[in-house]
Structures are given as C-alpha cells and as structure tokens.
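Summary of the model geometry
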Amino acid sequence: MADLSLPHDALFLGFDSSTQSLKATVLDSNLVIVASELVHFDSDLPHYKTKNGVYRDSSVNGRIVSPTIMWVEALDLILQRLSKSNLDFGKIAAVSGSGQQHGSVYWKIGSSALLSSLDPKKPLVDQLGDAFSLDKSPIWMDCSTTAQCRESYWSSFMACIFIGAYDCIDETDGAGMNLMDIKQRIWSKVALEATAPGLEEKLGKLAPPAYAVAGPIASYFVERFNFNKNCLAVQWSGDNPNSLAGLTLNTPGDIAISLGTSDTVFGITKDLQPSLEGHVFPNPVDREGYMVMLVYKNGSLTREDVRNRYAEKSWDVFNKFLEQTPPLNGGKIGFFYKEHEILPPLPVGFHHYLLENFTDETLDGLNEQEVLEFDPPFEVRALIEGQFLSMRAHAERFGMPSPPKRIIATGGASANQSILSSIASIFGCDIYTVQRHDSASLGAALRAAHGWLCSKKGSFVPISSMYKDLDKTSLSCKLSLSAGDPNLVSKYALLMKKRIEIENGHVQKLGRC
C-alpha cells in the first residue's frame, strides 16, 4: 500500500477534552508520539474555581456543569504550550479530537458569523465569550434532566472552532443521544418527534462517518499558529470511541476497561443487538462494525474518596490493604455510589453486607446482614471487588465475551498493579496495558492520520492497514498480568451471583428512572 502511506515528515494532532483536563498528542508518520501537552482545569485555570473540572449546583439535585468558556481558554493555552515546545504546526497534515460524550454546548443564533471571522491577533477566549446561549454546559455526570434532556455534543463544538463554522454531530455521538437509527445511521424521525418539536432543525444533519473530513482548518489557526492551510480537520468524536481507536481494539473477544473519572467497559462486534443496559455506537474506524459499551459514573473519584477516608489518603496504603486482604473478602460486599450511578440506576449511597456462613462453595444457607462499614482493609477490597464484579456481571448480561480473550486496560488507574490483579482474578483472562494511559487523545491523533488516508484515497481505508509493526509504534500494548486462577474465577462467579441478587433488590427499592 505504498500509495496509501503517510507522508514521511507529516504530523497528526489529536485532542481529548475530558472532565478534568484537555490533552493533546502528536504522532509522526511512524505513529510514534513526538509531542504531548496537558491543561488541567483546576490547577492551570484556577480562576474558574472548578473542582475536578466541574461545578455542582447544590440547589438542583444532580446538576453538574462546567463553564463553557473554560474549555475555550484551555484550547488557547494548550496550543500556546505546543508552540513553545517548538512543534512545527506547518507539518501537521490533519487534526482530530475527542470530547466527553453527553457534554452539551448551546450556541447563540448568529454565532456562525463569529466563528468564520475570528481575529488571529486575539486569543479565542477574548472572542467567544458571548457566543453561547448558556454559559455553563451540562456534562456527562449531570442527571438533573433525566425527564427532559436536550443535547448538542462537545465534540462537534470543538470541531466548529477548528473549521470556523458549525459542524454536524458525529454519528457515534448521535447514537449516544439515543436519537439515531443506528442501522440506517440517520436521525430517527420517531425519536426526534417524541423528544421535542423542531429538534432536527436545532441539531442539524448528522456528520459523515468519523473518518470523514469536516473541512480544512480555519484561517485563524493558519495565521495565528502557522498551521498549513491544507491541514485537514477530521471529524471529532466521543472520548470512548476514540479510546477504542487508540487501543487498536479490532479483535472480537477482546474487551477494554477504561479506568477514569468514569469507568467504561467496551468491545467491538459485527452483530447489532441493542440493550437497555448499555450503549451501541457505530465503530469510528470500521464502517461495517459497532462498538458496545457499559458506563459507570463511580470511577476514579469514588476510589479516591475511599482512599481518603480509609487509607490515610495514600495509594500506597490503599494498595497494601488490597494486597493483605484475601480474595472474596471473607464474604464482605460493598456498594459505593458517591455519584448517582448509571449502571445500575441507583442514587448516592454506601451499602455494606456481611454474608453469614459464606464458604465460597455454595450459596445455600447464606444470609446477608447489612452493616455500617468494614474495617479499613476490607473496605478497600469491598470497593475494588464490588466495582469489577459489577462490570463482569453486566458485561455478561450485555452479551460481551465471558471470559474475554484478553482485557486491555487504560486510564489513570490502569497503572495500579494491585487493581489490575483483582481484574485478572475476577474476569479470568490476561490483562494488557498500553504505553500511554490517555488512549483518547492518542486515538484522536490516530484517527486524524486515518482520516487523512481515507481522504487521499477518496474512500474508506481499513485502519488495519496502519497496524503493521505495532510494536515499533506508540500504539503497542504489553502483557501486565496473566489470567487469575480458574478455581478462584469460579468462586468469584458465585459471589457475583449473590451481589447481583442484592443489587436487584436495591434497584427495585431505590432505583431511579
């Protein structure tokens, strides 16, 4: 495929705007990282006074938002930092990005004229402050609009800035809104009309597939940062689809677990079987396939909360507790919901159960007794085992492979070997990790390169053509832990069955619609 190779001196830029930060990754034509930068919202932009990148509205239950203009200023700052790192913007052949799924931005009428006439002598933050009809954007954690929700996605918002015009919502994000006919990959008229009158006009058309070009980069970036005027802006997409690309997840039977502010479990399939439990999206790098995903709101922030309360605010102490307690935790089961949970749909709360007469061989004669809390070491293990037993149970119920062929772990907590050891024991498969825990911005940079190739050919190019010699690239992954003892995996299956029985009782009693 010599005619479809990447130009030897070309660079490809990918962004990821997560809940707490904006990240940038630059790949060369050999798919090796040559530059990266990060802007942490709380520490780098302290004048917005966010905590973990968000505001929590105490007057409205479940309302969690971020200041929209903060994201704009973060883009200004990260481009400045890349410029100071001597990155040659003129060599960037394509740019793409990843945005937190379910983050909503609302443009004022007429803002397209502002986007198309940005002054390259001024930063974006000085020009877009009055462009939004709402100055605070509901993010993926927000659950104040359960009964009535209107969404315009974060990823298309950033693409708008890069092309200097309104951009369409990407089809992977359109599927995440539950308003798209996923087979036809068009808006569902029935779903739109049931949601709100005139909604299709407000949303605009769906974008072409995620590997398509949104447009040439806006002149603002050419003049202010010396981007090449021929640089392509490839469609932006959601953070989870970008992570799928960054992990090179292209084998059915493999699954990925992303351990971040939210925890997600995802894989790929050719067989479309939507379910109420999880999400199904078009695969961003395979026009014939789909991505399946489960989302848990209580991820890293809940782990940090338990660490702070029971492990002296130290990950070393947390890991020591996890290692010194026995697998199965002596029949101690915990449910830890610092935030309203998505799966299962339960409100904030912490619940502890001691299984009396637990022998790890049978559930016969087993009684659960609710208690206030466990001793700190058992509290830590109850949290970790609880999170991953829930993942395994819901993944199996959703039709994901059991056991998986392998798990690729990513996200900040994937660097924690003690946590990975629990995953290997509970799921019963090998655990692989990647060089970069930030798979979303890496995936966005890879998608920029893939989009460039598809544009050059004038049609879709299988991304697998870019996966040759992966070990020589920044996309390679390595075996971190071997599969757990099969005997222990079976015992965890028994504990999982009891946990789901208790969980179902909670959903019937406390579940949110």
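Provided above is the structure to which this section pertains.
What counts as what
- Residues numbered from 1 in each chain as written.
- Predicted model: local features only at pLDDT ≥ 70, side-chain atom pairs only at ≥ 80, totals over all residues.
- Heavy atoms only, no water.
- Helix = DSSP H or I, 4+ residues; strand = E, 2+ residues; numbered from the N terminus.
- Rg over C-alpha atoms; globule rule 2.2 N^0.38 Å.
- Buried < 20%, exposed > 50% of the residue type's maximum accessible area, 1.4 Å probe, protein only.
- Phe/Tyr/Trp six-rings, centres within 6.5 Å; stacked < 30°, edge-to-face > 60°.
- Lys NZ or Arg CZ within 6 Å of the ring centre and 35° of its normal.
- Pairing = 2+ DSSP bridges.
- Axes fitted to C-alpha atoms, helices over the stretch in contact; angles between N-to-C directions.
- Contact = heavy atoms within 4.5 Å.
- Polar contact = N/O pair within 3.5 Å; in protein donor to acceptor, adjacent residues only side chain to side chain.
- Core = buried A, V, L, I, M, F, W, Y, C linked by side-chain atoms within 4.5 Å.
- Salt bridge = Lys/Arg side-chain N within 4 Å of Asp/Glu carboxyl O.

**Points about the overall build of the protein**
- When helices and strands are counted, the protein shows 15 helices and 22 strands.
- Its C-alpha radius of gyration of 23 Å places the protein within 12% of the 24 Å reference for a compact globule of 513 residues.
- For the protein, the C-alpha atoms occupy an extent of roughly 70 × 55 × 45 Å along the three principal directions.
- Among the 513 residues that make up the protein, the fraction classed as buried is 60%.

**Things to note about the packing of aromatic side chains**
- Applying the stated rule across the entire model yields 17 aromatic pairs.
- A centroid spacing of 4.7 Å and a plane angle of 55° characterise the contact between Y211 and F460, whose relative ring orientation is tilted. Pair noted here: Y211 is in the loop between α7 (199-203) and β10 (213-216) and F460 is in the loop between α14 (439-457) and β22 (477-481), with a separation of 249 residues, a long-range link.
- Since its relative accessible area comes to 10%, F460 is described here as buried.
- Residues F221 and F227 carry aromatic rings whose centres are separated by 6.2 Å and whose planes lie at 85° to one another, so their mutual orientation is edge-to-face. Like F227, F221 is buried.
- A connected cluster of aromatic rings, assembled from ring pairs, spans F15, F89, F162, Y220, F221, F225, F227 and W236.
- Lying over the aromatic face of Y432, R406 brings its terminal NZ or CZ to 4.9 Å of the ring centre.

**Thoughts on the pairing of strand β3 (residues 33-40)**
- In this structure, strand β2 (residues 21-28) lies alongside β3, joined through 7 bridges in antiparallel fashion. Residue L22 lies in a different strand from β3, and its bridge partner there is V39.
- Here β2 hands over to β3 after 4 residues, with L31 in that stretch at a positive phi of 60°.

**Topic: the sheet that holds strand β18 (residues 349-356)**
- What the 3 strands build is an open sheet, ordered β17-β18-β19; its pairing is antiparallel. Two strands lie at the open edges of the sheet, namely β17 (332-337) and β19 (367-371), each paired on one side alone. Across the sheet, the mean angle separating the axes of adjacent strands is 25° when strand polarity is ignored.
- Across 5 bridges, the pairing between β18 and β19 is antiparallel. Within the sheet, the bridge partner assigned to L355 lies in β19 and is E368.
- The strands touched by helix α12 (residues 376-398) are β17 and β18; relative to β17, the strand with the most contacts, the crossing angle is about 70°.
- Where helix α15 (residues 486-510) meets the sheet, its contacts fall on β17, β18 and β19, and the angle it forms with β17 comes to roughly 40°.

**A short note on the environment of N242**
- Tracing the backbone shows N242 in helix α9 (residues 239-246).
- C-alpha of N242 to C-alpha of P284: the two residues are 42 residues apart in sequence and 7.6 Å apart in space.
- When neighbours within four sequence positions are excluded, N242 is seen to be in contact with G97, S98, S237, S439, A440, G443, A444 and R447.
- A distance of 2.9 Å separates the side chain of N242 from the side chain of R447, its partner in a polar contact.

**Considerations on the nonpolar core**
- Judged by nonpolar contacts, the single largest core of 107 residues is most densely connected at F12, I257, F388, I423 and F427.
- Examining the composition of this core, we find that 10 residues originate from one element, α12, more than from any other.
- Once residues within four sequence positions are removed from consideration, I257 is found in contact with T264, V265, F388, M391, I407, I408, A409, T410, I423 and F427.
- Ranked by size, the runner-up nonpolar core spans 53 residues in total, among them V54, F89, I163 and F227.

**Some points on the pattern of salt bridges**
- Within the structure shown, the criterion is met by 17 salt bridges.
- Salt-bridge contacts for D286 lead to K270; the nearest nitrogen and oxygen are separated by 2.8 Å. In this pair, D286 is assigned in the loop between β15 (279-282) and β16 (290-296) and K270 in the loop between β14 (263-269) and β15, connecting sequence segments 16 residues apart.
- The exposure class assigned to K270 is exposed, which follows from its relative accessible area of 55%.
- Its salt-bridge partner being R436, residue D438 comes within 3.7 Å of it at the nearest N-O pair.
- The class for D438 is buried, based on a relative accessible area of 11%.
- On the accessibility criterion, R436 (21% relative accessible area) is partly exposed.
- Connected through salt bridges with shared partners, the residues E368, K498 and E501 form a single ionic network.

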